[in-house]
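Survey of secondary and tertiary structure
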Amino acid sequence: LERLGMCALLHDVGKLKLPEELLNKESGLSAEEFEIIKKHPEYGKKILMSQTDVYPGAVDVAFCHHEKLDGSGYPRGIDGAYISQFTRIVTVVDAYDAMTTDRPYRKAMCSMKALEILRSGKGSHFDADIVDEFVDMIGCCPPGYLVEMNSGEVGIVISNNYFDLKPKILLVLDKNKQPAKEMVVDLAAPRYRGKYQIRSIYRSGTYGVNVNDYIERGLVIRTARRVH
């Protein structure tokens, strides 16, 4: 775990060699600019290989984290037979982080959409088993977080559902963000499909809702697990 953590922390170190104006550019990159960005795995490899006390696996992850199982990645276009387990793990997490983080040129997408993209790339871009485990652990919305629905109501994610990425939510605020009669909504249930959609995800404390207060009152928050 320590070695995997080191690989993850250092995987993008090559970006230190990239022009800052490209990393912070607010519009899309041109083809020429993207070719410059694509050099950061090679820069990362060189930086880490110049150090004598770096775990060798971190060099591999820095160099290969944009490779894809079907050989369509970069910088070398290698296929899954040459991609290590640590690289496969970091690739999935890095892709999720990139999609769910604000960038100068676009807003972050919601967790549910990012997980759908990961699942659509299973076996071609991403290791299928690792994607399954990642989705299993994180769920579409992390349990214990707050969500604002398309109705304006606010609730607490109390569990997630691996198979269709739809969580159970305890609604606690009405559309005016005032305390309301608490109600559990299972977004996987037919009666709620189409009626409720998640608009935004927030941390505890937003809109004055402290999740720990509900836990102290007896609220149970679970992470759903797949049956193997």
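Above this text you will find the structure in question.
Residues numbered from 1 in each chain as written. Predicted model: local features only at pLDDT ≥ 70, side-chain atom pairs only at ≥ 80, totals over all residues. Heavy atoms only, no water.

Taken as a whole and judged by the stated rule, the model has four aromatic pairs. A centroid spacing of 6.1 Å and a plane angle of 50° characterise the contact between tyrosine 192 and tyrosine 196, whose relative ring orientation is tilted. Each member of the pair, tyrosine 192 as well as tyrosine 196, is classed as buried. Taking 5.7 Å as the distance between ring centres and 80° as the angle between the ring planes, the aromatic pair formed by tyrosine 202 and tyrosine 207 counts as edge-to-face. Residue classification places tyrosine 207 among the partly exposed positions, given a relative accessible area of 37%. In this arrangement the basic side chain of lysine 45 is found over the ring face of phenylalanine 63, its NZ or CZ atom lying 4.4 Å from the centre. The residue whose ring lies beneath lysine 177 is tyrosine 207, and the NZ or CZ to ring-centre distance is 5.3 Å. (Phe/Tyr/Trp six-rings, centres within 6.5 Å; stacked < 30°, edge-to-face > 60°. Buried < 20%, exposed > 50% of the residue type's maximum accessible area, 1.4 Å probe, protein only. Lys NZ or Arg CZ within 6 Å of the ring centre and 35° of its normal.)

For helix α1 (residues 2-10), every residue scored as buried is listed here: Leu4, Cys7 and Leu10. Within α1, the buried residues cover an arc of 140° as seen down the axis, which keeps them to one side. What points out from α1, more than 90 degrees from its buried face, is the exposed set Glu2 and Leu9. Considering only its buried residues, α1 is in contact with α4 (40-49), α5 (56-64) and α6 (85-99). (Helix = DSSP H or I, 4+ residues; strand = E, 2+ residues; numbered from the N terminus. Arc of directions from axis to C-beta. Contact = heavy atoms within 4.5 Å.)

Looking now at the layout of surface pockets. Counted as a void, the largest pocket has a volume near 880 Å³. Along the walls of the largest pocket sit 31 residues, with Phe34, His66, Tyr74, Ala98 and Tyr105 positioned nearest its centre. Sorting the residues of the lining of the largest pocket by element identifies α2 (20-23), α3 (31-37) and α6 as the ones contributing at least two each. Looking at the lining of the largest pocket element by element, the count peaks at six residues for α6. By volume, the second largest pocket is sized at about 300 Å³. Lining the second largest pocket are 13 residues, and of these Tyr96, Thr100, Ser111, Tyr145 and Ile201 lie nearest its centre. Of the residues belonging to the lining of the second largest pocket, the class tally is nine nonpolar, two polar and two charged. (1 Å grid on protein atoms, 1.4 Å probe; cavity = no way out; pocket = protein on both sides within 12 Å on 5 of 7 lines; lining within 4 Å. Points joined across faces, edges and corners; volume = space filled by probe spheres on them. Nonpolar A, V, L, I, M, F, W, Y, C, P; charged D, E, K, R; others polar.)

If the charged atoms of two oppositely charged side chains come close together, the side chains can form a pair. Throughout the structure, instances matching the rule amount to eight salt bridges. Taking the shortest distance from any N to any O, the salt bridge between glutamate 35 and lysine 38 comes out at 3.4 Å. Between lysine 122 and aspartate 132 there is a salt bridge whose closest N-O contact spans 2.8 Å. Of this pair, lysine 122 sits in the loop between α7 (111-120) and α8 (128-138) while aspartate 132 sits in helix α8, and the two are ten residues apart along the sequence. According to the relative accessible area criterion, lysine 122 is partly exposed, its value standing at 30%. (Salt bridge = Lys/Arg side-chain N within 4 Å of Asp/Glu carboxyl O.)

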